[in-house]
Amino acid sequence: MVDSLTSSYFSAANRLYSKKARRRIVAYVESYDDVAFWRTLLEEFENEERYFQVMLPSATSLAKGKKMVLMNTLNTEELGKSLIACVDSDYDFLLQGATDISRKINRNKYIFQTYAYAIENYHCFAESLREVCVQATLNDRFVIDFEFYLRRYSTIVYPLFLWNVWFYRKRDTFTFPMYDLHLCTALKEFDVKRPERGLRRLQNRVDEKLAELRRKFPGREDKVRNLGERLKKLGLSPETTYLYMQGHHVMDNVVMKLLTPVCTLLRREREREIKRLAEHSEQFRNELTCYQNSQISVEVMLRKNVAYKRLYHYKWLRRDIRNYLSTEWNEE
């Protein structure tokens, strides 16, 4: 009886520490914020033979970022068998080898990229934004069609975005820098009752900048338009532009500008409902406190949003990881 119990104990203990018996694949990522995203993806491919450890690129310093990831992976023999790099695409996917870094990222089968500009773009996936609001406010009332709004936003900024990418493909980051693109494409106002007003003013700013670029660079518009045709195969279209723009810009200056007033409206509605239904002041205070304590910041909820798994970029990433594992294991 004692021997049986001892055997069961050690068997259970071995299962607890089973990672030691599996092959470890280190995945270098750019920053703390990236760890959760890549772990969500990579854990789908863990099994009894392998597991992933997602970590920052340096064990000896606090250095982070894309350059550090690439520097610590490209020049090591471990890359591939037990080490991979997982990075934001930035513009490198769209540049398709126009720069040295873009060539390295797009041609190395052990470097995995987001395809969208960054992880923040995944969190801002339009189809998931209503759920973000529901989770943040605990109010499921429909207020605005986020998918339609972000399609309209993307369609408006698309031609200006192409100009920006066109210059960057020419290695010109000064004539029309990303900073200027952001000034023109930030959603500077959003009225829940009149959502089209902000888009009209956005359209005016974009049109002014487009006219300026056409004056300064006559004859370039056809080349920019042709670039857009070539980039369609990479998933970029007028309706999907927000997925390829700088992630922090989209999150802070577009999506949060939508979510904050919508969530404020939904919370006030819920609070008025509590006040209306409360039978006395004490019940009102208790119920209101309970509701307020149950809320989560919409910004926190957006960063925790994982409904992006329906996004085609995520499906591309799954395919890449599956191909990598299939190739590596077949070679052994």
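Residues numbered from 1 in each chain as written. Predicted model: local features only at pLDDT ≥ 70, side-chain atom pairs only at ≥ 80, totals over all residues. Heavy atoms only, no water.

Some words on the overall build of the protein
Okay, step 1: Per the secondary structure count, the protein includes 15 helices and four strands.
Okay, step 2: Among the 332 residues that make up the protein, the fraction classed as buried is 47%.
Okay, step 3: Put simply, of all contacts in the protein between residues at least 6 apart along the chain, 79% involve residues at least 24 apart.
Okay, step 4: Here the protein has roughly 17700 Å² of accessible surface; of this, 50% comes from carbon and sulfur atoms. (Helix = DSSP H or I, 4+ residues; strand = E, 2+ residues; numbered from the N terminus. Buried < 20%, exposed > 50% of the residue type's maximum accessible area, 1.4 Å probe, protein only. Contact = heavy atoms within 4.5 Å. Areas by Shrake-Rupley, 256 points an atom, 1.4 Å probe, with all protein chains shown as cover.)

A closer look at the packing of helix H8 (residues 146-169) against helix H12 (residues 247-277)
Okay, step 1: Direction vectors running N to C along H8 and H12 enclose 145 degrees, while the axes themselves pass 13 Å from each other. For H8 against H12, the interelement crossing comes out right-handed. Note on element contacts: H12 touches H8 through His 249, Val 254, Val 255, Leu 258, Leu 259 and Val 262, opposite Phe 146, Tyr 149, Leu 150 and Tyr 153.
Okay, step 2: Across the contact of H8 with H12, the residue classes tally to nine nonpolar, one polar and no charged. (Axes fitted to C-alpha atoms, helices over the stretch in contact; angles between N-to-C directions. Left-handed = near helix turned anticlockwise from the far one by under 90°. Nonpolar A, V, L, I, M, F, W, Y, C, P; charged D, E, K, R; others polar.)

Re the packing of aromatic side chains
Okay, step 1: This model, assessed by the stated rule, comprises 21 aromatic pairs.
Okay, step 2: Between Tyr 91 and Phe 161, the aromatic rings sit 5.8 Å apart at their centres with planes inclined by 80 degrees, giving edge-to-face as the arrangement. Here Tyr 91 is found in the loop between strand E3 (83-87) and helix H4 (92-95), whereas its partner Phe 161 is found in helix H8, with 70 residues between them in sequence. For the pair shown, Tyr 91 and Phe 161 are each scored as buried.
Okay, step 3: Look at Phe 93 and Tyr 115: their rings are 4.9 Å apart centre to centre, the planes differ by 75 degrees, and that puts the pair in the edge-to-face class. Highlighted residues: Phe 93 in helix H4 and Tyr 115 in the loop between strand E4 (111-113) and helix H6 (119-123), separated in sequence by 22 residues. (Phe/Tyr/Trp six-rings, centres within 6.5 Å; stacked < 30°, edge-to-face > 60°.)

What to know about the pairing of E3
Okay, step 1: Counting buried positions along E3 gives five out of five residues, so the element sits mostly inside the fold.
Okay, step 2: Both faces of E3 are covered, namely the face carrying Leu 83, Ala 85 and Val 87 and the face carrying Ile 84 and Cys 86.
Okay, step 3: As paired strands, strand E1 (residues 23-28) and E3 are joined by three bridges and run parallel to one another. Bridge pairing in E3 places Ala 27 opposite Ile 84.
Okay, step 4: As judged from the three bridges shared by E3 and E4, these two strands associate in the parallel manner. By the bridge assignment, Cys 86 is partnered in E4 with Phe 112. (Pairing = 2+ DSSP bridges.)

What to know about the nonpolar core
Okay, step 1: In terms of nonpolar packing, the biggest core is built from 99 residues, with Trp 38, Ile 84, Tyr 91, Phe 161, Leu 259 and Leu 302 touching the most fellow members.
Okay, step 2: Here this core takes 15 residues from H8, the largest share from any one element.
Okay, step 3: With sequence-adjacent residues up to four places away left out, Tyr 91 is seen in contact with Tyr 117, Phe 161, Asn 164, Val 165, Tyr 168, Met 178, Leu 181 and Tyr 244. (Core = buried A, V, L, I, M, F, W, Y, C linked by side-chain atoms within 4.5 Å.)

Considering the sheet that holds E1
Okay, step 1: Here we have four strands laid out as an open sheet, ordered E2-E1-E3-E4, and parallel in their pairing. Either end of the sheet is taken by a strand with one partner, and the two such strands are strand E2 (50-55) and E4. Strand after strand, the sheet turns through a mean of 25 degrees between neighbouring axes, direction not considered.
Okay, step 2: Packing of helix H2 (residues 32-42) onto the sheet brings it into contact with E1, E2, E3 and E4, and relative to E2 it is tilted by some 170 degrees.

With respect to the pattern of salt bridges
Charged atoms that come close allow side chains of opposite charge to pair.
Okay, step 1: According to the stated counting rule, one finds 19 salt bridges in the structure shown.
Okay, step 2: For Arg 194, the salt bridge identified is with Asp 191, shortest N-O distance 2.9 Å.
Okay, step 3: Of the residues examined, Arg 194 reaches a relative accessible area of 41% and is grouped as partly exposed.
Okay, step 4: One salt-bridge network, held together by shared partners, links Arg 214, Glu 221, Asp 222 and Arg 225. (Salt bridge = Lys/Arg side-chain N within 4 Å of Asp/Glu carboxyl O.)

Some words on unusual backbone geometry
A negative phi holds for most residues other than glycine; trans holds for most peptide bonds.
Okay, step 1: Despite not being glycine, Gln 96 has its phi angle at roughly 50 degrees, a positive value.
Okay, step 2: Position of Gln 96 relative to the elements: it lies in the loop between H4 and helix H5 (100-107).
Okay, step 3: A relative accessible area of 39% places Gln 96 in the partly exposed class.

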